[in-house]
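Each chain is listed here by its residues.
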Amino acid sequence: MTFHSLIKKLLNKPDSSRNVAKKRLQFALVYDKLEVRDDMLEDLQQDLVEVITRYFEIDRDALSLDIQRMEGSSALILNTPILAAKHRKEGGARAHA
Amino acid sequence: MDGKIIVVTSGKGGVGKTTVTASVGAALAKQGKRVAVLDMDIGLRNLDVVMGLENRIVFNVVDVIQGRCKLRQAALKDRRIDNLYLIPASQSDEKSVIKPQNMTWLCNKLRREYDFALLDCPAGIEQGFKNAIEAADEAIVVCTPEVSSVRDADRVIGLLYARSITPRLIVNRIVPQLVEKGDMLSHADVVDVLSIDLLGLVEMDDAVVVSSNTGNPLVQQKESRAGMAFNRIAMRLDGHPDLPVEDPMAGRSFWQKVGKKLGRKNRTAKR
Ligand SMILES: Nc1ncnc2c1ncn2[C@@H]1O[C@H](COP(=O)(O)OP(=O)(O)OP(=O)(O)O)[C@@H](O)[C@H]1O
Ligand SMILES: [Mg+2]
């Protein structure tokens with residue numbers, strides 16, 4: 001670090017509105033990218049049901065799929081009651097899916 | 001000819017797309033290129049008044065697309081700068097009269113006639129934006145050093161990448177004194193957040209307002225820092241891709257200010 005850039009660093013106060021703006025911006029961009037379109041969630045639900053029903057009998061109407069947002073991160077929460085496990089033949093469930 | 005189609009876009013309105021289109025177009029023409037600037041803000045035309053050509057409009061871009069006139073008939077020749085042509089927007093139509101496939105056709109025609117065609121995109125990311133980026137080869141994203149503008153730029157950059165266009169950035173309306181005081185995002189902050197290539201930096205400059213009042217080209221005003229910045233941007237687009245981007249803070253640095261206080265004459269940084 002040159003002396004000049006050190007001076008610059010010292011002059012750049014962490015609580016300046018410039019630095020506040022940068023932090024807010026960085027958060028906003030992360031947050032924006034976590035946003036999910038409704039129709040994408042519906043498509044995902046359909047695809048998931050298709051996969052799960054290869055292995056389990058489930059109550060489709062009771063299944064719920066949600067995005068839970070927390071500060072700075074998001075989680076995908078799937079919740080479904082299982083009615084019964086399907087008995088898989090040798091060679092796996094894929095064969096008759 | 002095998003010209004390049006460059007779309008100028010921003011997401012957020014009022015950040016300088018039209019100013020950039022007019023000035024970079026004029027600067028490229030001054031460098032000897034054959035240039036068309038197109039106003040794609042259908043229904044809200046602006047580029048014509050910024051360029052001082054509003055009284056000469058006969059045909060517009062919608063007329064070209066609907067076959068009511070030839071491309072050359074709609075292209076207004078600028079009388080002050082050779083090789084610069086404006087194709088105005090229509091003031092009475094809706095954006096939806098233009099379909100993406102029309103743009104592919106139009107851009108192919110433009111490539112044959114001009115070295116560069118700059119498309120001034122409307123604000124937003126709806127139909128007008130989609131039309132403007134449909135057949136573009138390159139993109140310039142304009143933003144100002146403000147949170148809302150940079151955030152919108154990020155969104156637009158994502159949409160451009162999704163169409164396999166790698167955009168470059170112009171940060172406009174920089175006020176070096178505010179950056180220095182810690183009250184404005186620096187261009188380095190903006191580039192850091194957006195992580196895209198920088199094409200140029202343009203300061204807040206009264207000459208921009210004066211030029212849009214009179215319709216006289218900004219890039220012909222040698223004393224305008226913004227005008228000179230646009231000339232340098234045009235050089236980067238045409239033949240001098242590695243021309244360094246100069247920091248608007250240069251010439252205002254701590255040591256030079258100290259020098260000034262001590263009565264030493266400041267070297268003015270060449271921009
Ligand atoms: N570097 C600058 N210095 C001073 N004023 C500027 C600068 N750049 C743009 N302006 C002014 O800001 C205003 C908006 O600029 P401009 O019309 O180019 O933005 P725009 O992105 O095309 O807007 P819109 O989204 O409405 O089409 C104008 O009044 C213009 O003169
Ligand atoms: Mg505009």
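Residues numbered from 1 in each chain as written. Chains lettered and ligands numbered in written order. Predicted model: local features only at pLDDT ≥ 70, side-chain atom pairs only at ≥ 80, totals over all residues. Heavy atoms only, no water.

In this section: the overall build of chain B. Within chain B, the regular secondary structure consists of 12 helices and eight strands. Taken against the 2.2 N^0.38 rule, which gives 18 Å for 271 residues, the C-alpha radius of gyration of chain B at 19 Å falls within 12% of a compact globule. Referenced to the eigenvectors of the C-alpha coordinate spread, the extents of chain B come out at roughly 65 × 40 × 30 Å. Relative to its full complement of 271 residues, chain B shows a buried share of 54%. Relative to all contacts within chain B whose residues are 6 or more apart in sequence, the contacts with residues 24 or more apart total 75%. (Helix = DSSP H or I, 4+ residues; strand = E, 2+ residues; numbered from the N terminus. Rg over C-alpha atoms; globule rule 2.2 N^0.38 Å. Buried < 20%, exposed > 50% of the residue type's maximum accessible area, 1.4 Å probe, protein only. Contact = heavy atoms within 4.5 Å.)

All names here are of chain B. Around ligand 1 lies a shell of 16 residues, among which Lys 17, Thr 18, Thr 19, Asn 172 and Arg 173 are the nearest. A distance of 2.7 Å separates an oxygen atom of ligand 1 from a polar atom in the side chain of Thr 18. Taking Glu 203, its main chain carries an N or O atom lying 2.9 Å from a nitrogen atom of ligand 1. Protein burial of ligand 1: of its 640 Å² of free accessible surface, 79% is covered by the chains. Elements supplying a minimum of two residues to the shell around ligand 1: helix H1 (17–30), strand E7 (168–174), strand E8 (197–203) and helix H10 (206–214). If you tally residues by element for the shell around ligand 1, the top one is H1, at three residues. Counted by class, the shell around ligand 1 contains five nonpolar, seven polar and four charged residues. (Near = heavy atom within 4 Å. Polar contact = N/O pair within 3.5 Å; in protein donor to acceptor, adjacent residues only side chain to side chain. Areas by Shrake-Rupley, 256 points an atom, 1.4 Å probe, with all protein chains shown as cover. Nonpolar A, V, L, I, M, F, W, Y, C, P; charged D, E, K, R; others polar.)

With that out of the way, let us pick up the sheet that holds strand E1 (residues 4–9) of chain B. Residues and elements named next belong to chain B. Reading across the sheet, the eight strands line up as E3-E4-E2-E5-E1-E6-E7-E8 and stay open at both edges, with mixed pairing between neighbours. Either end of the sheet is taken by a strand with one partner, and the two such strands are strand E3 (76–77) and E8. Bridging between strand E2 (residues 35–39) and strand E5 (residues 116–120) involves five bridges; their strand directions are parallel. Residue pairing for E5: Leu 38 is matched across the bridge by Leu 119. Helix H7 (residues 147–162) contacts E1 and strand E6 (138–143) of the sheet and is inclined by roughly 165° relative to E6. (Pairing = 2+ DSSP bridges. Axes fitted to C-alpha atoms, helices over the stretch in contact; angles between N-to-C directions.)

Residues and elements named next belong to chain A. Assignment of secondary structure puts Thr 53 in the loop between helix H3 (38–52) and strand E1 (56–58). For Thr 53, a relative accessible area of 17% gives the class buried. Engagement of the side chain of Thr 53 in a polar contact is seen with the backbone oxygen of Val 49, the distance being 2.8 Å. Residues contacting Thr 53, with those up to four places away along its chain left out, are Ile 58, Arg 60 and Lys 86.

Take it as geometry only, folks, not as evidence of what the structure does.
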